Amino acid sequence: MTDTQASHIVTSYEQELTRLRSAISEMGGRVEVQLTDAIRAISRRDAALAARCQAADASIDAMEDEIEELTLRMIALRQPVARDLRSILAALRISHDLERMGDYATNVAKRASALIRLPEVGPINGIARMGRLAHLVIKDVLDAYTENDVERAVNAWRRDEEIDQMYTSLFRELLTYMMEDPRNITPCAHLLFVAKNIERIGDHATNIAETIYFEETGSRLEGLRPKGDTSSFEIQGEEPADPFDLDPPGPESGSEI
Amino acid sequence: MNDGTQAVEQALSENSTPKPATETKHVKILNRDVNVYYGEKHALKHVDLDIYEHEVTALIGPSGCGKSTFLRCLNRMNDVIDSCRVIGKIEIDQTDIYESGLDVVQLRARVGMVFQKPNPFPKSIFDNVAYGPRIHGTAQNKSEVEEIVRTSLERAGLWKEVHDRLDQPGTGLSGGQQQRLCIARAIAVNPEVILMDEPCSALDPIATAKIEELIDELRENYTIVIVTHSMQQAARVSQRTAFFHLGDLVEVDQTDSMFTNPKDSRTQGYITGRFG
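These numbers were taken from a predicted model, which means no experiment stands behind them.

### With respect to the overall build of chain A
Check the secondary structure of chain A and you find seven helices and zero strands. Overall, chain A shows an N-to-C arrangement of helices and strands of α-α-α-α-α-α-α. Within chain A, the fraction of its 257 residues that count as buried is 51%. Look at the contacts in chain A between residues 6 or more apart in sequence, and 84% of them connect residues 24 or more apart.

Next up, the structure:
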């Protein structure tokens, strides 16, 4: 990475590259806030925060547009190659992932608005824990991005497994609550979607880690990420098959919940 | 002269059945431990480079890196510089081109060259192209000369523009047309290899695009080595790129790998504009 430390002969080009990096960092920061606010709105039953959080999504979308314009202009005017080209493509890809993460966080905030109007159920702590873990993974990938730290990106990439495992155990727990008392079904169904949204956020964070790896090394992160999410195959009791398969297997199958 | 004629005839008969650009790569020019000295100055250091048939190989690097010096080794253009010594092995189709007794004139017919500034002879368009076949005795009679002039101009993408004014001076053409005339002149003697030393640096973007398109077409029948200061041009026209720096061949690879993921930090720095 030593070679990338040298700055470009053309100062304005260097400034554009710097601007692009800081735009990604800023957008990433907003997504972090979006997720933590949405989770906090659930655990504190804060309707105002949930509403603010939903409104904030527009600014994340606007940043994605801004980054896309910036990359488009740089590709057209600078004809980037090698590491510069990879950096610009990486910024474009990361901005798409961040935009999706922002959407999922916003969905969590919408569920928060609904949950606040319902009686409180047990596994809210589990959701908060899962949200904190997802936040840590996001923070790690974003730090890895600003510091060009491949090792850190790969470590964060591995940690997504923990989020997946947490999702699976929450899934089981929520099903148990629903079976205990039918009045729990509505809030638990909302929480299930919340958990799923957080799990998807984790998946996008791993995409970002993969992009960082590509940007830094020029090659792809090989090997399948260990998947800890087995909820797709989860069956309650003796049912032979799950007729309402919530999550078809595969990390990119993304149901837009 | 006779030897030259035979070689050209042989080349002509080989070329009459144009070979398709096949997947199997044949090393056309093999360079091993090539060193060039200008007096005491070690201008090119231990270059090992394979140049493949029917490929465009681009040589890039900052000024004074040795890329033009290397290009000029391939048809012994450096022979004309008194202080210049070339050491090492350069083989074209397994024949050492620095062998004593090798006919340099014949070699330069096999390895044609196009220069930075278009340099047509102060003669008619027709005579510019007919000159080579006439002195090499390739063409037996007037109609054969006419045929060679026509096909060469067609291959150089210039026929349509000049067919009705072949008797006019070549120097009266536009810069881009003059350069294509020089390419037609080079291919009129049916070379195997065409060396190009910054062939587009004196041309506007449209004329450049036409030459680049031409280079891509010529690749089917010839092996092309091009020195260029425009890295975008190297990226556009070549299949393989070699990066020279301070007399060293730093890195050579498929062009797409060179421009997306160069291995050497000096290549990275140069092509992204971080030193030079």
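### Some points on the side chain of glutamate 212 of chain B
Residues and elements named next belong to chain B. When you line up the elements, glutamate 212 lands in helix H8 (residues 205-218). Among the polar contacts listed, one links the side chain of glutamate 212 to the side chain of arginine 236, at a separation of 2.8 Å. The residues contacting glutamate 212, other than those within four sequence positions of it, are Gln233, Arg236 and Val237.

### As for the side chain of glutamate 99 of chain A
Residues and elements named next belong to chain A. By the secondary structure assignment, glutamate 99 is in helix H4 (residues 82-116). With no salt bridge to any partner, buried glutamate 99 finds its closest opposite charge in arginine 100, at an N-O distance of 4.2 Å. Not counting residues within four places of it along the chain, the set of residues in contact with glutamate 99 comprises Met27, Ile60, Asp61 and Glu64.

### Concerning the interface of chain A and chain B
The interface of chain A with chain B comprises 19 residues on the first partner and twelve residues on the second. In total, chain A and chain B occlude about 1,200 Å² of area from one another, counting both sides; carbon and sulfur atoms represent 49% of this. Joining chain A to chain B, the criterion identifies two salt bridges. Here arginine 274 of chain B ties to glutamate 14 of chain A by a salt bridge, and the two come within 3.6 Å at their closest N and O atoms. On inspection of chain A and its partner chain B, the count reaches eleven residue pairs in polar contact (both at pLDDT 80 or more). Looking at the side of chain A that touches chain B, the elements with two or more residues in it are helix H1 (2-5), helix H2 (11-44) and H4 of chain A. No other element matches the five residues that H4 of chain A contributes to the side of chain A that touches chain B.

### Considering the packing of helix H5 (residues 124-146) of chain A against helix H6 (residues 150-180) of chain A
All names here are of chain A. Contact pair H5 / H6: the axes reach a minimum separation of 9 Å and the direction vectors enclose 165 degrees. In terms of axis orientation, H5 runs roughly antiparallel to H6. Crossing of H5 against H6: the hand is left-handed. Contact residues: Gly126, Ile127, Arg129, Met130, Leu133, Ala134, Leu136, Val137, Asp140, Val141, Asp143 and Ala144 in H5; Arg152, Ala153, Ala156, Arg159, Glu162, Ile163, Met166, Tyr167 and Leu170 in H6. When its residues are assigned to classes, the contact of H5 with H6 shows 14 nonpolar, one polar and six charged.

### Here we look at the state of the cysteines
For the structure shown, the criterion picks out zero disulfides over all chains. Here cysteine 200 of chain B stays free of any disulfide, with the sulfur of cysteine 182 of chain B as its closest cysteine sulfur at 12 Å.

### What about the packing of aromatic side chains?
Note on aromatic pairs: each is described by the distance of the centres and the angle between the planes. Using the criterion set out here, one finds four aromatic pairs over all chains in the structure. Residues phenylalanine 243 of chain B and tyrosine 270 of chain B carry aromatic rings whose centres are separated by 5.1 Å and whose planes lie at 25 degrees to one another, so their mutual orientation is stacked. Highlighted residues: phenylalanine 243 of chain B in strand E9 (residues 240-245) and tyrosine 270 of chain B in helix H11 (residues 265-271), separated in sequence by 27 residues. By the burial criterion, phenylalanine 243 of chain B is buried, and tyrosine 270 of chain B matches it. Residue placement shows arginine 93 of chain A over the ring face of phenylalanine 214 of chain A; its charged tip is 5.5 Å from the ring centre. It is arginine 185 of chain B that lies over the ring of phenylalanine 121 of chain B; its NZ or CZ is 4.3 Å from the centre.

Basis of the calculations
Residues numbered from 1 in each chain as written. Chains lettered and ligands numbered in written order. Predicted model: local features only at pLDDT ≥ 70, side-chain atom pairs only at ≥ 80, totals over all residues. Heavy atoms only, no water. Helix = DSSP H or I, 4+ residues; strand = E, 2+ residues; numbered from the N terminus. Buried < 20%, exposed > 50% of the residue type's maximum accessible area, 1.4 Å probe, protein only. Contact = heavy atoms within 4.5 Å. Polar contact = N/O pair within 3.5 Å; in protein donor to acceptor, adjacent residues only side chain to side chain. Lys, Arg positive; Asp, Glu negative; His and termini not counted. Salt bridge = Lys/Arg side-chain N within 4 Å of Asp/Glu carboxyl O. Buried area = accessible area lost by both parts, 1.4 Å probe. Axes fitted to C-alpha atoms, helices over the stretch in contact; angles between N-to-C directions. Parallel < 35°, antiparallel > 145°, perpendicular 65-115°, else oblique. Left-handed = near helix turned anticlockwise from the far one by under 90°. Nonpolar A, V, L, I, M, F, W, Y, C, P; charged D, E, K, R; others polar. Disulfide = S-S within 2.5 Å. Phe/Tyr/Trp six-rings, centres within 6.5 Å; stacked < 30°, edge-to-face > 60°. Lys NZ or Arg CZ within 6 Å of the ring centre and 35° of its normal.

What is shown is where atoms sit, not what they do.
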